[in-house]
Amino acid sequence: MSKIQNLDQTFSLKKIDKETINIKVHNNDILLSLVGEFNKNLNELEKLTKTKIFFRGNSITIKGDNNGIQKTSEAIKFLINKYLKTNLIEAQDLTLSVKDKKFKFKSNVHNLDQLIKTPKKTVIARSKKQSDYINALTHNDVTMALGPAGTGKSFLAVSVAMTMLFEKKVEKVILSRPAVEAGEKLGFLPGDMKEKVDPYLRPLYDALYDLFGFEKINKKIESGEIEIAPLAFMRGRTLKNSFAILDEAQNATLTQIKMFLTRIGENSKVVVNGDPSQIDLINKSQSGLIKTKKILKNIKEIKLIEFDHKDVVRHPLVTKIIQAFNKNIDDKN
């Protein structure tokens, strides 16, 4: 990776007139990553900023109205700095680079605390709420996150937890979910207890493998440094030097969430995540997530993050689906 460490060394910018800016990139590795294969990154930036972008040699020329060319030049600054920090520009970074003005990253991504580098990918906050969430996961002993699917509640929590484990800031990561039955009793499913509950915990495995790879994660599981268990297994324990995450907490009762939260011990962090709109309990009124939020909201040491459809980072269609369902519920009410 290039040893260049600041913007002044990577590119120069010249405003030609009110509708034209020229940017020269002085590092070929950065230039190739910025432009993308067959200019695909520049083509995407054109769509996002409603400008025209021309590329020749090490020169990128941007044409458009004043707002468009300014937006594009700021996006290019961000993308270059992202490369300096991670040696990589990913497709999602293009959308992030032109986020609306309500959410601004510092222009120098070297100062961005909310960037997590794992062996397989770089995890970066993609909304203001995600930035707040990563900050809470890092600095608060207890964090609650509520919101719809696709907002990064589980993925970001696992990212921070595993980073702390690899940096030896904690000795163990515990990932837990309620084993809510869907027509079948656990006792009647084939296999031992691990085989019975693994299907409920599969999304947590998926996040781990996606971030750190199959071999590394399996070694940590075999050594006991990562424990993936149903919520019922948490009773009676005290979690010391641990990072514990309760996922899908909308399917836990108030008593179960209280039990999980009170497991916290010395040098430990506890996270409770859930989506109140996706309760799978037969009696939905038994869900303890919203009740827990109301009970704990005035404890200043506990950080509450509430995501909404604007924080969804999956396929853009997911946001529209969530909005449509929310509107349907509102219309019925």
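Relevant structure appears above.
Computed from a prediction, not measured in an experiment: that's the story for all the values here.

J.: Describe the pairing of strand 1 (residues 11-17), and please don't skip the residues or the numbers.
T.: Relative to strand 2 (residues 20-25), strand 1 runs antiparallel, the two sharing 6 bridges. The partner of Ser12 across the bridge, within strand 2, is Lys24.

J.: Can you lay out the pattern of salt bridges for me, pointing to particular residues and giving the numbers?
T.: The final tally for this structure, using the stated rule, is 11 salt bridges. Among the salt bridges present, the one from Lys172 reaches Glu227, with a minimum N-O distance of 3.5 Å. With Lys172 in strand 8 (residues 172-177) and Glu227 in strand 9 (residues 226-230), the pair connects residues that are 55 residues apart, well separated along the chain. One salt bridge connects Glu306 with Lys293, and the closest N-O pair in it is separated by 3.2 Å. Here the residue Glu306 occupies a position in strand 12 (residues 302-306), and Lys293 occupies one in helix 11 (residues 289-296), the gap between them amounting to 13 residues. Residue Glu306 is classed as partly exposed on the basis of its relative accessible area, which comes to 38%. Judged by its relative accessible area of 19%, Lys293 is buried.

J.: Account for helix 11, with residues named and values stated.
T.: Regarding helix 11, the residues found buried are Leu289, Thr292, Lys293 and Leu296. Seen from one end, helix 11 has its buried residues packed into an arc of 100°, which puts them on one side. The exposed set on the far side of helix 11, more than 90 degrees from its buried face, consists of Lys294 and Ile295. The elements touched by buried residues of helix 11 are strand 7 (142-146), helix 10 (254-261), strand 11 (269-274) and strand 12.

J.: Would you mind going over the sheet that holds strand 1 in detail, with residue names and values included?
T.: Within the open sheet, the 4 strands sit side by side as 1-2-4-3. Their pairing is antiparallel. Since the sheet does not close on itself, it has two edges, and those belong to strand 1 and strand 3 (52-56), each with one partner. Shown here is a sheet whose adjacent strand axes are inclined to one another by a mean of 20°, direction ignored. Where strand 3 meets strand 4 (residues 59-63), 5 bridges bridge the pair, whose relative direction is antiparallel. Across the sheet, the residue bridging to Ile53 is Ile62, located in strand 4. Together, strand 2, strand 3 and strand 4 form the strand contacts of helix 2 (residues 28-35), whose direction differs from that of strand 2 by roughly 130°. In this fold helix 4 (residues 66-86) packs onto strand 1, strand 2, strand 3 and strand 4, with an angle of close to 150° to the strand it touches most, strand 4.

J.: So, the packing of aromatic side chains: which residues are in play, and what are the values?
T.: On inspection of all chains with the given rule, the structure shows 4 aromatic pairs. Relative to Phe212, the ring of Phe166 has its centre 5.1 Å away and its plane inclined at 20°; by these criteria the two rings are stacked. Remark: Phe212 occurs in helix 8 (residues 193-212) and Phe166 occurs in helix 7 (residues 153-166); sequence separation between them is 46 residues. With a centroid separation of 5.0 Å and 40° between ring planes, the pair formed by Tyr209 and Phe214 is classed as tilted. The class of Tyr209 is buried, set by a relative accessible area of 17%. Members of the aromatic cluster, joined through ring pairs, are Tyr205, Tyr209 and Phe214.

J.: Can you lay out helix 6 (residues 128-139) for me, pointing to particular residues and giving the numbers?
T.: An ideal rise of 1.5 Å per residue puts 16 Å on 12 residues; helix 6 measures up with 17 Å between its terminal C-alpha atoms. Among the residues of helix 6, Gln130, Ser131, Tyr133, Ile134, Ala136 and Leu137 are the ones counted as buried.

Criteria and cut-off values
- Residues numbered from 1 in each chain as written.
- Predicted model: local features only at pLDDT ≥ 70, side-chain atom pairs only at ≥ 80, totals over all residues.
- Heavy atoms only, no water.
- Pairing = 2+ DSSP bridges.
- Helix = DSSP H or I, 4+ residues; strand = E, 2+ residues; numbered from the N terminus.
- Salt bridge = Lys/Arg side-chain N within 4 Å of Asp/Glu carboxyl O.
- Buried < 20%, exposed > 50% of the residue type's maximum accessible area, 1.4 Å probe, protein only.
- Arc of directions from axis to C-beta.
- Contact = heavy atoms within 4.5 Å.
- Axes fitted to C-alpha atoms, helices over the stretch in contact; angles between N-to-C directions.
- Phe/Tyr/Trp six-rings, centres within 6.5 Å; stacked < 30°, edge-to-face > 60°.
- Expected span 1.5 Å × (residues − 1).

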